[in-house]
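Listed below are the residues making up each chain.
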Amino acid sequence: MPQESIITDYGFVGFFFLLGIFFVGAALTVSWLLRPRDPNPIKNSTYECGEIVKGNSRIQFNVSYYLVALLFVIFDIEALFLIPWAVTFRELGIVSYMEMMGFILILLVGLVYAWKKGVFQWR
Amino acid sequence: MFTFLNLIFMVMAGVMVLGFIAVSAMFLIWWERKVSAHIQNRYGPMRVGWHGALQSVADVIKLLLKEDIRPTKADAWVWWLAPFFAVVPSVMAFVVIPFSKELIPRDLNIGVLYIMAITSVCVIGIFMAGWGSNNKYSLLGGMRAAAQIISYELPLILSMITVVMVANSLSMQKIVEAQSRCWFIFHPNLALAGLIYIIAATAEVNRTPFDIPEAESELVAGFHTEYSGMKFAMFFLGEYTNVFIVSAIATTLFLGGWKGPLLPPIAWFLIKTYGIITFLMWVRWTFPRLRVDQLMGFAWKFLTPVSFLNLAIVGLLLLK
């Protein structure tokens, strides 16, 4: 019964999701009941090695992080397409293999382009 | 149908997994301190219990009783939710980890895909912690962690796909069964995939030589600088649970899972998994830390192309 089996499978996944929330929630609640409370403005200020905090923390960051994230999205989707292919490629034979290699090659050309453009050079 | 028997098994599995996560994390923290101490020619914890064996218990009690400092400038919701995102995916990943033939909460038919998807959620928790703290160190640590984890995700996924190609299944138990004759690490097509997996997994769990997200000499404590008490403990727990999970996946995919002679299967599984963890600790306390540009360069210029090449060669050899 495939339909019922799927319901049981994802019942487990859902139960473990709730279990995880329960685990963290319980730990934080027990700690909340036991711990002391003694806040003051200095203690609650942003930690900057004991110095007086300068400026905002929403600073500009290196654009390379953003470029790496863009590249990751492309290749992660490629990996997603690879998974169903990996399970069935023996039945599909050499044609599907060549097609998948063509797909990978096209995206690798993109990787080489990004490389030549200096995306991986951190300045 | 979702039977009563299923429900009982589900609850039992859940309770056992929670107990296992807590005990395993406490053991691993003690073990890491002992291993690092002996590598550095000192004793490590010695006072609480036999060779400091109860040190972690004492630490948990201490962390429970610690004050929770909330930075006024922090982004309250994001800051508060981040510990959940750090631990809940780790708990969920245990659904498909096969401790033995029977001891697996549920053998999903897409096990490998499920574990790839669920373990990559952890990066969101780390980035939420970095962003929500509104602290410069945390933000830098979070940015670095996000960039590093997503970069090494690709070689990791590709090496796992190579195993799927050889085993011809995404189910964890079927992959273990496929290794009845020969562990995949000794399979001529998969030795390189195993090496790529262990390198990428070290980076995934932010351990030295890939620990720039919390490089203590430059970023104080990285993304969890502003966390204290139990919230900090949750990040610690999540980190050590992730170390266990990547090692358990390595055991399942490359070292034959719970299969082995004489000893019961669960003993074999735990011996192999903790063996890999000890290897990761040995690496951690032996190698120096890399710079951020070296790290990204290694992932994108070397590891990713090599993984694709490995995938292409394995596919060609399997088709013949």
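Residues numbered from 1 in each chain as written. Chains lettered and ligands numbered in written order. Predicted model: local features only at pLDDT ≥ 70, side-chain atom pairs only at ≥ 80, totals over all residues. Heavy atoms only, no water.

A.B. asks: Teacher, can you tell me more about the confidence of the model for chain B here?
C.D. replies: Considering every residue of chain B, the mean pLDDT works out to 85; 98% of them sit at 70 or more. Taking the mean pLDDT of every element in chain B, the minimum, 69, falls on helix α9 (residues 216-219) of chain B and the maximum, 90, on helix α11 (residues 265-284) of chain B. (pLDDT = per-residue confidence, 0-100. Helix = DSSP H or I, 4+ residues; strand = E, 2+ residues; numbered from the N terminus.)

A.B. asks: Would you take a moment to explain the packing of helix α1 (residues 4-39) of chain B against helix α10 (residues 229-254) of chain B for this structure?
C.D. replies: Each pair of packed helices can be summarised by the angle the axes make with each other and by the distance between the axes. Residue and element names in this part refer to chain B. Contact pair α1 / α10: the axes reach a minimum separation of 9 Å and the direction vectors enclose 90°. If you check the angle between α1 and α10, you find them roughly perpendicular. Counting all contacts with α1, which are made through Phe20, Ile21, Ser24, Ala25, Leu28, Ile29 and Glu32, the residues of α10 involved are Phe236, Leu237, Tyr240, Thr241 and Phe244. (Axes fitted to C-alpha atoms, helices over the stretch in contact; angles between N-to-C directions. Parallel < 35°, antiparallel > 145°, perpendicular 65-115°, else oblique. Contact = heavy atoms within 4.5 Å.)

A.B. asks: Whenever I open this one, the interface of chain A and chain B confuses me. Can you help?
C.D. replies: By a widespread convention, an interface's size corresponds to the accessible area lost as its parts come together. If you look at the interface, chain A gives 71 residues, while chain B gives 80 residues. Carbon and sulfur atoms supply 75% of the area that chain A and chain B bury against each other, a total of about 7100 Å² over both sides. Counting the surface chain A buries against chain B, the share from its top three residues, Phe12, Phe16 and Arg58 of chain A, is 11%. The interface formed by chain A and chain B includes 2 salt bridges. The tally of links between chain A and chain B comes to 5 residue pairs in polar contact (both at pLDDT 80 or more). At 23 residues, the largest contribution of residues to the side of chain A that touches chain B is made by helix α1 (residues 2-34) of chain A. Residues that form the side of chain A that touches chain B fall into these classes: 45 nonpolar, 13 polar and 13 charged. (Buried area = accessible area lost by both parts, 1.4 Å probe. Salt bridge = Lys/Arg side-chain N within 4 Å of Asp/Glu carboxyl O. Polar contact = N/O pair within 3.5 Å; in protein donor to acceptor, adjacent residues only side chain to side chain. Nonpolar A, V, L, I, M, F, W, Y, C, P; charged D, E, K, R; others polar.)

A.B. asks: Any chance you could explain helix α2 (residues 63-92) of chain A here in plain terms?
C.D. replies: Counting along an α-helix, one turn takes 3.6 residues, and residues three or four places apart therefore face a common direction. All names here are of chain A. For α2, built from 30 residues, the straight-helix expectation of 44 Å at 1.5 Å per residue is met to within 8% by its first-to-last C-alpha distance of 42 Å. At Ala86, α2 shows its strongest bend, of approximately 50°. Gly93 occupies a position one or two residues after α2 and carries a positive phi of about 85°. (Expected span 1.5 Å × (residues − 1). Bend = angle between axes of the 7 residues up to and from the residue.)

A.B. asks: What am I meant to see in the pattern of salt bridges here?
C.D. replies: Two side chains carrying opposite charge are able to pair once their charged atoms lie near each other. What the rule picks out here adds up to 8 salt bridges over all chains. Put simply, Asp59 of chain B and Arg33 of chain B hold a salt bridge, and the shortest N to O gap is 3.2 Å. Remark: Arg33 of chain B occurs in helix α1 and Asp59 of chain B occurs in helix α2 (residues 55-64); sequence separation between them is 26 residues. Here Arg33 of chain B falls in the partly exposed class, since its relative accessible area comes to 34%. When salt bridges with common partners are traced through the structure, they connect Arg35 of chain A together with Asp68, Arg70 and Lys231 of chain B into a single cluster. (Buried < 20%, exposed > 50% of the residue type's maximum accessible area, 1.4 Å probe, protein only.)

A.B. asks: In this structure, what is going on with the side chain of Ser133 of chain B? I would like to understand it.
C.D. replies: Residues and elements named next belong to chain B. Tracing the backbone through its elements, the reader meets Ser133 in the loop between α5 (122-132) and α6 (136-167). Given a relative accessible area of 0%, Ser133 falls into the buried group. Among residues more than four places away in sequence, those in contact with Ser133 are Ala74, Trp79, Met128, Ser138, Phe223, Glu226 and Tyr227.

A.B. asks: Is there a simple way to explain the environment of Val23 of chain B in this structure?
C.D. replies: With respect to the element layout, Val23 of chain B can be found in helix α1. Put simply, Val23 of chain B and Val123 of chain B are 100 residues apart on the chain and 24 Å apart in space, counted from C-alpha to C-alpha.

A.B. asks: I keep staring at empty space enclosed by the protein and nothing clicks. Help me out?
C.D. replies: Over the atoms a probe the size of a water molecule is rolled, and this reveals where empty space is left. All names here are of chain B. For the structure on display, the rule yields 1 cavity of 30 Å³ or more. Considering only enclosed or pocket space, the largest cavity measures out at about 320 Å³ in volume. Surrounding the largest cavity, 24 residues form its lining, Thr119, Cys122, Glu204, Val205 and Asn242 being those nearest its centre. Residue assignment for the lining of the largest cavity shows that the elements contributing at least two residues are α4 (111-119), α5, α6, α8 (191-204) and α10. The dominant element in the lining of the largest cavity, judged by the number of residues it contributes, is α10, at 7 residues. Classifying every residue of the lining of the largest cavity by side-chain character gives 17 nonpolar, 4 polar and 3 charged. (1 Å grid on protein atoms, 1.4 Å probe; cavity = no way out; pocket = protein on both sides within 12 Å on 5 of 7 lines; lining within 4 Å. Points joined across faces, edges and corners; volume = space filled by probe spheres on them.)

A.B. asks: I would appreciate a short explanation of the packing of helix α3 (residues 76-93) of chain B against α5 of chain B in the present structure.
C.D. replies: Residues and elements named next belong to chain B. At a minimum axis distance of 8 Å, the contact between α3 and α5 shows a crossing angle of 160°. Considering the angle they form, α3 stands roughly antiparallel to α5. Relative to α5, α3 is oriented so that their crossing is left-handed. Contact residues: α3 offers Val78, Trp79, Leu81, Ala82, Phe85, Ala86, Pro89 and Ser90, while α5 offers Cys122, Ile124, Gly125, Met128, Ala129 and Gly132. Among the residues forming the contact of α3 with α5, the class breakdown is 11 nonpolar, 3 polar and no charged. (Left-handed = near helix turned anticlockwise from the far one by under 90°.)

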